[in-house]
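# Analysis of the macromolecular model
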Amino acid sequence: MSDPGNDGIRSDWATKDFYAVLGVGKTASADEIKKAYRKLARANHPDSHPDDAAKHEKFKQVAEAYDVIGDPEKRKKYDQARQLFASGGFPAGGGGYSGTINLEDLLRERAGGGGGFGDLFGDFLGFGAGARRQQPRPARGADLETTTTIGFAEALEGITVSLRIASDTACATCSGTGGKPGTSPHRCPTCDGSGFVVASVGGAFSMNETCPACGGRQLVYDEACPTCHGSGRGRSTRTIQAKVPAGVKDGQRIRLRGKGAPGERGGPAGDLFVTVRVARDRVFGRKGDHLTIDVPISFSEAALGAAVKVPTLDGPPVTVKIPPGTPNGRTFRVRGKGAPKTDGTRGDLLATVEVQVPAHLGDDARQALEAYAAATADTKLRAGLFEQAGE
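Read on for a plain summary of the structure. Please read these numbers as outputs of a predicted model, since none were measured by experiment.

Side chains on a regular strand alternate between the two faces of the sheet. Because side chains alternate across strand β15 (residues 331–334), one face comprises the buried residues F332 and V334, and the other comprises T331 and R333, none of which is buried. Looking at chain direction, β15 and strand β16 (residues 349–356) are connected through four bridges and run antiparallel. When the bridges of β16 are listed, F332 appears paired with A351.

This is the structure we're talking about:
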């Protein structure tokens, strides 16, 4: 989930347990983390619960947690930072500091020397070499998830679908400033225009975190925007066109880069993940790159042999030759009549015969079957059931 333009970690993440948010252990694998994220994202998605503010907030927390521990590099920094802060001090060799320590000042000094904690926490605290404290960093938009259902044939041939997406965005009334239009901002008195405040993490440490009064924007308005009430955020609904590739399978997840929620302060948009559901077909099934079909045949066709026409998905019927004595459940392969493959070729059509037993017989058919039964009366079909073992 990492973005090359925004791979830093916010300072307030040091006090958040992202593993607890996703309900996984600290040693969870990447697949376990991804599975937990998908489950929680589906359960709390705003599209499924448009009026449930609690689920909206939970969805944001889940997305934030996965953005960090779902990315190997961010997860490594996050784990090391949490371990350091939880210990209440620096590891051996970190110096004999006592009292209250401002980590930003300390680490800025170390950053100039190369290596050590300056390298580890430069991004974490939002200041790297030459970074300015009063410049809030752009924030990447959240990843979004949605589901679309397409037809069986559409899944095989590919299709472009319209998706209606709802997400957080800058408030349309104030353009994300949080102030009432027509009013002028002034420097935030809480953070003195820096966008950050010094907060105690616990023990002997303090660190910078986003200013709660201005949200890191550095400026505040005396009159809040009447639409967003000062948050600078709103909800937007838009329709996008998404191309579903040929051969997509039921439950497959497609990633559309940059189609998620808009970023903040010039940050890039998140990604959109589309789960594709494929409707069942009345005649055909699917097995990998092959199509499957059940073909009813009569007892006489199975016993005597026959040439049976079988439909194909997007072409004329094909003829399948049934040899005499074909048993029920035998599968015949018709090459090149299956699902499209990524290399441009097609899989096969697998036709499985099902011998039908008539529920009702006419007089002529009954007499014919009775004559057949009499002619084959000496056939001992079940003799093997009564043979003793070893005989």
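Right, let's talk about the packing of aromatic side chains for a bit. Considering all chains together, one arrives at four aromatic pairs under this definition. On the basis of an interplanar angle of 45 degrees and a centroid distance of 6.1 Å, the ring pair of Y19 and Y78 is categorised as tilted. Of this pair, Y19 sits in helix α1 (residues 18–22) while Y78 sits in helix α4 (residues 72–87); the two residues are 59 residues apart in sequence, bridging distant segments of the chain. By relative accessible area, Y78 is classed as buried at 1%. A ring pair is formed by F299 and Y372, whose centres lie 5.8 Å apart and whose planes are at 65 degrees; its orientation type is edge-to-face. Residue F299 is located in helix α8 (residues 299–304), and its partner Y372 is located in helix α9 (residues 363–375); the two are separated by 73 residues in the primary sequence. Under the relative-accessibility criterion, F299 is labelled partly exposed at 42%. According to the relative accessible area criterion, Y372 is partly exposed, its value standing at 44%. Here the aromatic residues F18, Y19 and Y78 are joined through ring pairs into a cluster of three or more.

With that settled, consider the side chain of S167. By secondary structure assignment, the location of S167 is in strand β3 (residues 159–170). Side chain to side chain, S167 and R238 meet in a polar contact 3.4 Å long. When near neighbours in sequence (up to four residues on either side) are disregarded, S167 contacts L144, G234, R235, S236, R238, A261 and P262.

Turning our eyes to something else, we now look at the sheet that holds strand β10 (residues 272–278). Adjacent strands of a sheet form backbone hydrogen bonds with each other and so pair up, either parallel or antiparallel. Taken in spatial order, the three strands line up as β2-β10-β9 in an open sheet, and their pairing is mixed. Each edge of the sheet is formed by a strand with only one pairing partner; in this case those strands are β2 (144–150) and β9 (253–256). Pairs of neighbouring strands in the sheet enclose a mean axial angle of 25 degrees, with direction left out of account. Taken together, the seven bridges between β2 and β10 define a ladder with parallel strand orientation. Following the sheet pairing, T148 is matched in β10 by V276. Against the sheet, helix α2 (residues 30–44) makes contact with β2 and β9, and its axis sits at roughly 80 degrees relative to β2, the strand it touches most.

Definitions and cut-offs
Residues numbered from 1 in each chain as written. Predicted model: local features only at pLDDT ≥ 70, side-chain atom pairs only at ≥ 80, totals over all residues. Heavy atoms only, no water. Buried < 20%, exposed > 50% of the residue type's maximum accessible area, 1.4 Å probe, protein only. Helix = DSSP H or I, 4+ residues; strand = E, 2+ residues; numbered from the N terminus. Pairing = 2+ DSSP bridges. Phe/Tyr/Trp six-rings, centres within 6.5 Å; stacked < 30°, edge-to-face > 60°. Polar contact = N/O pair within 3.5 Å; in protein donor to acceptor, adjacent residues only side chain to side chain. Contact = heavy atoms within 4.5 Å. Axes fitted to C-alpha atoms, helices over the stretch in contact; angles between N-to-C directions.

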